[in-house]
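Below are the chains, spelled out letter by letter.
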Amino acid sequence: MNRAALFVLADGRFPAGGHAHSGGAEPAVAAGRITDAASLERFCRGRLHTAGLVAAGLAAAAADGHDPLALDAAADARTPAPALRTTARKLGRQMMRAARATWPSAALDDLAAARPHGAHQPVVLGLAARAAGLTPLDAAHAAAYEAVSGPATAVVRLLSLDPFDATAVLARLAPDQDRTAAAAVAATRRIPAEGLDALPAASAPLLDITAEQHAAWPVRLFAS
Amino acid sequence: MHRDHALDATFPHRHTYSAAAPTRPDGTRRALRIGLGGPVGTGKTATVAALCRALRDELSLAVVTNDIYTREDAEFLLREAVLPPDRIAAVETGACPHTAIRDDISANLEAVEDLEEHAGPLDLILVESGGDNLTATFSKGLVDAQIFVIDVSGGDDIPRKGGPGITTADLLVVNKTDLAPYVGVDLDTMARDAEAQRGPRPVLFTSLTSEGGVKPVADWTRERLTTWTTAPTT
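Reading the values: rules and limits
Residues numbered from 1 in each chain as written. Chains lettered and ligands numbered in written order. Predicted model: local features only at pLDDT ≥ 70, side-chain atom pairs only at ≥ 80, totals over all residues. Heavy atoms only, no water. Contact = heavy atoms within 4.5 Å. Buried area = accessible area lost by both parts, 1.4 Å probe. Salt bridge = Lys/Arg side-chain N within 4 Å of Asp/Glu carboxyl O. Helix = DSSP H or I, 4+ residues; strand = E, 2+ residues; numbered from the N terminus. Nonpolar A, V, L, I, M, F, W, Y, C, P; charged D, E, K, R; others polar. UniProt positions renumbered as here; feature names shortened; annotations may be inferred. Buried < 20%, exposed > 50% of the residue type's maximum accessible area, 1.4 Å probe, protein only. Polar contact = N/O pair within 3.5 Å; in protein donor to acceptor, adjacent residues only side chain to side chain. Core = buried A, V, L, I, M, F, W, Y, C linked by side-chain atoms within 4.5 Å. Pairing = 2+ DSSP bridges. Phe/Tyr/Trp six-rings, centres within 6.5 Å; stacked < 30°, edge-to-face > 60°. Expected span 1.5 Å × (residues − 1). Axes fitted to C-alpha atoms, helices over the stretch in contact; angles between N-to-C directions.

Re the interface of chain A and chain B
Line of reasoning, step 1. In this complex, chain A contributes 25 residues to the contact, which on the side of chain B involves 24 residues.
Line of reasoning, step 2. The three residues of chain A that bury the most area against chain B are His-19, Arg-97 and Leu-221 of chain A, which together make up 32% of that side's buried surface.
Line of reasoning, step 3. Inspection of the region where chain A meets chain B yields five salt bridges.
Line of reasoning, step 4. Of the charged contacts, one joins Arg-97 of chain A and Glu-113 of chain B as a salt bridge, the two residues approaching to 2.9 Å between their closest N and O atoms.
Line of reasoning, step 5. No other element matches the six residues that helix H5 (residues 82-102) of chain A contributes to the side of chain A that touches chain B.
Line of reasoning, step 6. Partitioned by chemical class, the residues of the side of chain A that touches chain B number 12 nonpolar, six polar and seven charged.

Below is the structure:
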């Protein structure tokens with residue numbers, strides 16, 4: 001157990017491709033749903049309790065040692081939008097590269113061999129956390145933080161939003177992130193009795209719809 | 001020594017995560033990777049297009065673009081039909097090409113590997129950065145050599161100002177020399193300042209709009225490729 005590794009893994013500068021993605025913030029800005037810090041906070045809270053919770057559950061379960069290929073299938077089942085599946089696997093492949101170089105592990109090598117074009121990113125994130133000696137709760141925290149920090153960073157670029165305001169949004173969401181990570185771990189504990197169906201399956205239909213639309217934009221700043 | 005051997009047994013392929021190794025997992029030599037960076041509008045994409053036309057009959061090559069907006073440069077290359085579509089890949093950079101070519105190269109490495117897998121074996125991959133600023137440079141984990149492209153219309157004081165791109169690139173290209181008389185630029189001054197900043201590293205002056213304008217850059221690329229293919233792989 002090495003808590004400092006969590007900072008390495010959750011750092012926005014961890015070279016796993018996240019910087020090119022807005023987590024659905026770009027279409028939300030274009031549609032006028034995010035215009036300022038208050039609307040960014042509402043967007044992030046919604047994403048945290050849906051996509052963020054699902055990601056945190058998958059990451060916690062992977063960090064807990066559950067079968068990553070079964071978790072990858074569970075992630076597919078929880079990701080109905082093809083554009084978001086593509087994005088999750090692309091980011092999973094990039095996370096895999098960075099994680100294998102950072103925390104070499106046979107478990108990461110095995111998943112990379114089984115999914116050469118990428119497993120779902122939260123699964124890889126959880127396995128990376130495990131390789132780094134972190135706990136399922138740490139992995140859930142990393143996934144939850146990523147669910148809100150990505151959009152916040154993107155909106156600073158998209159709206160020229162004051163970066164202090166964007167960071168304050170992330171700080172105000174900290175209690176929600178704690179609750180999300182705790183709920184993810186609680187769900188993971190039910191897996192032995194209930195199987196992977198115990199993992200959260202919250203959905204955000206608007207994020208799904210706008211992700212498909214955004215993927216078809218001819219000109220965009222972010223990949224997703 | 002002992003420790004390394006233990007790691008090798010546990011993680012036999014760990015050296016392939018990045019560009020540092022000159023070979024593919026199967027032991028054959030991978031393609032030489034050359035990055036092209038420089039400020040907006042200096043002729044990077046035009047240089048890539050001209051290089052493709054000059055070299056495509058003698059080499060197996062592919063291009064990765066890093067756009068500020070999605071696919072703009074890739075689509076220019078497709079329209080110009082300098083290479084078949086399966087040899088051009090566009091990396092989306094989230095408005096920050098310099099991040100994608102230097103700080104977080106994961107998407108670019110994947111694009112390079114996918115090109116080698118689908119269109120390979122390749123001799124040369126050109127990795128183009130979207131127009132950025134004077135500090136933009138490529139990671140050594142991504143490319144083997146880099147070209148920095150500036151032009152005379154940016155002002156003849158650019159070489160004097162320096163910056164990592166100007167001073168450290170393996171080749172500095174000063175493009176649009178045909179415009180020098182119209183923008184009041186003294187090419188001799190630019191050459192002197194560049195030499196002061198770069199020492200022995202080469203500087204080439206080009207006018208891509210003229211017939212054979214890219215030839216000096218193509219010749220430099222051929223030399224790099226010869227060095228690359230004759231170097232030992234172990």
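What about the UniProt feature "binding site: GTP" (unreviewed entry) in chain B?
All names here are of chain B.
Line of reasoning, step 1. Here, UniProt's "binding site: GTP" (unreviewed entry) annotation points to Gly-38, Pro-39, Val-40, Gly-41, Thr-42, Gly-43, Lys-44 and Thr-45.
Line of reasoning, step 2. If you trace the backbone, Thr-42 turns up in the loop between strand E1 (32-37) and helix H2 (44-55).
Line of reasoning, step 3. Overall, the relative accessible area of 3% leaves Thr-42 in the buried class.
Line of reasoning, step 4. Beyond its immediate chain neighbours, meaning those up to four positions away, Thr-42 contacts Val-149, Ile-150, Asp-151, Asn-175 and Lys-176.
Line of reasoning, step 5. There is a polar contact of 3.0 Å between the side chain of Thr-42 and the backbone oxygen of Val-149.
Line of reasoning, step 6. With respect to the helices, strands and loops of the structure, Lys-44 is situated in helix H2.
Line of reasoning, step 7. Apart from residues no more than four positions distant in its own chain, Lys-44 is found in contact with Leu-36, Gly-37, Gly-38, Pro-39, Glu-128, Ser-129, Gly-130, Gly-131 and Val-149.

Here we look at the nonpolar core
Line of reasoning, step 1. Grouped together as the largest cluster of nonpolar side chains are 43 residues, with contacts concentrated most on Leu-9 and Leu-58 of chain A.
Line of reasoning, step 2. Those elements giving two or more residues to this core turn out to be helix H1 (4-10), helix H3 (37-63), helix H4 (68-77), H5, helix H6 (106-114), helix H7 (121-131), helix H8 (136-159) and helix H10 (174-189) of chain A.
Line of reasoning, step 3. In terms of residues, this core owes the most to one element, H3 of chain A, which gives nine residues.
Line of reasoning, step 4. Setting aside residues no more than four positions away along its own chain, Leu-9 of chain A makes contact with Phe-14, Met-95, Trp-103, Leu-125, Ala-128, Ala-129, Leu-134 and Ala-142 of chain A.
Line of reasoning, step 5. If you look at the next biggest cluster of nonpolar residues, it comprises 30 residues, including Leu-126, Val-217, Trp-220 and Leu-225 of chain B.

Side note on the pairing of strand E2 (residues 61-67) of chain B
Residues and elements named next belong to chain B.
Line of reasoning, step 1. For E2, the tally of buried residues reaches seven of seven residues, placing the bulk of the element in the interior.
Line of reasoning, step 2. Burial of E2 is two-sided: the residues Leu-61, Val-63, Thr-65 and Asp-67 facing one way and the residues Ala-62, Val-64 and Asn-66 facing the other way are all buried.
Line of reasoning, step 3. Of the pairings in the sheet, the one linking E2 to strand E4 (residues 124-129) comprises six bridges and is parallel in character. Paired with Leu-61 across the strands is Leu-124, a residue of E4.
Line of reasoning, step 4. Pairing of E2 with strand E3 (residues 88-92), which is carried by five bridges, proceeds in the parallel orientation. Residue Asn-66 lies in a different strand from E3, and its bridge partner there is Val-91.

Remarks on the packing of aromatic side chains
All names here are of chain A.
Line of reasoning, step 1. A complete count under the given rule lists one aromatic pair over all chains for this structure.
Line of reasoning, step 2. Taking the centre distance of 5.9 Å and the plane angle of 15° together, the rings of Phe-14 and Trp-103 count as stacked. Separated by 89 residues along the polypeptide, Phe-14 in the loop between H1 and helix H2 (25-30) and Trp-103 in the loop between H5 and H6 bring together distant segments of the chain.
Line of reasoning, step 3. Residue Trp-103 is classed as buried on the basis of its relative accessible area of 13%.

Some words on helix H5 (residues 106-119) of chain B
Given 3.6 residues per helical turn, the α-helix brings residues three or four places apart onto the same face.
Line of reasoning, step 1. Between the first and last C-alpha of H5 of chain B there are 20 Å, a value that for 14 residues agrees with the 20 Å anticipated at 1.5 Å per step.
Line of reasoning, step 2. Looking at the buried positions of H5 of chain B, the neighbouring elements they touch are H5 of chain A together with E1, E2, E3, helix H4 (97-103) and E4 of chain B.

Thoughts on the sheet that holds strand E5 (residues 145-151) of chain B
All names here are of chain B.
Line of reasoning, step 1. Pairing is parallel across the open sheet formed by seven strands, whose spatial order is E3-E2-E4-E1-E5-E6-E7. A strand with exactly one partner marks an edge of an open sheet, and here the two such strands are E3 and strand E7 (203-205). Recorded for the sheet is a direction-independent mean angle of 20° between the axes of neighbouring strands.
Line of reasoning, step 2. Both E1 and E4 contribute to a ladder of five bridges, which runs parallel. Bridge assignment links Ile-34 to a residue of E4, and that residue is Leu-126.
Line of reasoning, step 3. In this fold H5 packs onto E1, E2, E3 and E4, with an angle of close to 155° to the strand it touches most, E2.
Line of reasoning, step 4. Contacts from helix H9 (residues 187-198) reach E5, strand E6 (171-175) and E7, with the element oriented near 165° to E7.

Notes on the pairing of E5 of chain B
Residue and element names in this part refer to chain B.
Line of reasoning, step 1. A large share of E5 lies buried, amounting to seven of its seven residues.
Line of reasoning, step 2. Neither face of E5 is open: one carries Ala-145, Ile-147, Val-149 and Asp-151, the other Gln-146, Phe-148 and Ile-150, and all of them are buried.
Line of reasoning, step 3. Of the pairings in the sheet, the one linking E5 to E6 comprises five bridges and is parallel in character. Bridge pairing links Phe-148 to Leu-172 in E6.

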